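# Observations on the three-dimensional arrangement
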Amino acid sequence: MKEFNRLCKEFEQLDVLSYTLILAEKSLKVIPALKEITEDGLDGVTVFATFILGAIGADGKLSEEEYAVCYPLLHAFFGDNVNYAVCKKAVKLLKPESEELKKAVKEMVDVFGKLSEELKDDIIIICMLICAVDGKISLKEKLWIKSLIG
């Protein structure tokens, strides 16, 4: 638990360039590994994309800062059709208490069972970074992240 709280503080203090670099580095490792996995007929990248939208909206809102930092990652998943309005609408559908997000978390946890510990850690770090982009990982976000860790 101490390690989790320490990481939260560390990520909350990162500058935008550092967020972007770490997200890019982790995504370059995670996305190819997920392309090889399917769960319940969905490819791992689709599951992860939904999961990322869940991380963005874990506190129930989408800030422009979150969108700006996550844009390269979202663009990698959704292509040119992604914009702030579309993401904001998707995040509203994926509120922490929504059935859609609960399903996405379950699917991602199932996918986790097929990944190495290193890839699992990278995915959790990506989620933590996304939640911390506005300078604070809220209690709702922390609880959501912990639900992924198990």
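Higher on the page you've got the structure.
Here is a short report on the structure shown in this document. This is a predicted model, so every value here is computed, not measured.

## Observations concerning the environment of valine 105
- Inspection of the secondary structure assignment puts valine 105 in helix α6 (residues 99-112).
- Looking at valine 105, the relative accessible area reads 13%, which means it is buried.
- As a C-alpha pair, valine 105 and glycine 54 span 51 residues in sequence and 8.3 Å in three-dimensional space.
- Every residue in contact with valine 105, bar those within four places of it in the chain, is listed here: Phe51, Trp144, Ser147 and Leu148.

## Describing the pattern of salt bridges
- For the coordinates displayed, the defined rule picks out 7 salt bridges.
- Between arginine 6 and glutamate 3 there is a salt bridge whose closest N-O contact spans 2.7 Å. Linking arginine 6 with glutamate 3, this pair stays in helix α1 (residues 2-12), spanning 3 residues, or about one helical turn.
- Here arginine 6 falls in the partly exposed class, since its relative accessible area comes to 41%.

So, how was this worked out
Residues numbered from 1 in each chain as written. Predicted model: local features only at pLDDT ≥ 70, side-chain atom pairs only at ≥ 80, totals over all residues. Heavy atoms only, no water. Helix = DSSP H or I, 4+ residues; strand = E, 2+ residues; numbered from the N terminus. Buried < 20%, exposed > 50% of the residue type's maximum accessible area, 1.4 Å probe, protein only. Contact = heavy atoms within 4.5 Å. Salt bridge = Lys/Arg side-chain N within 4 Å of Asp/Glu carboxyl O.

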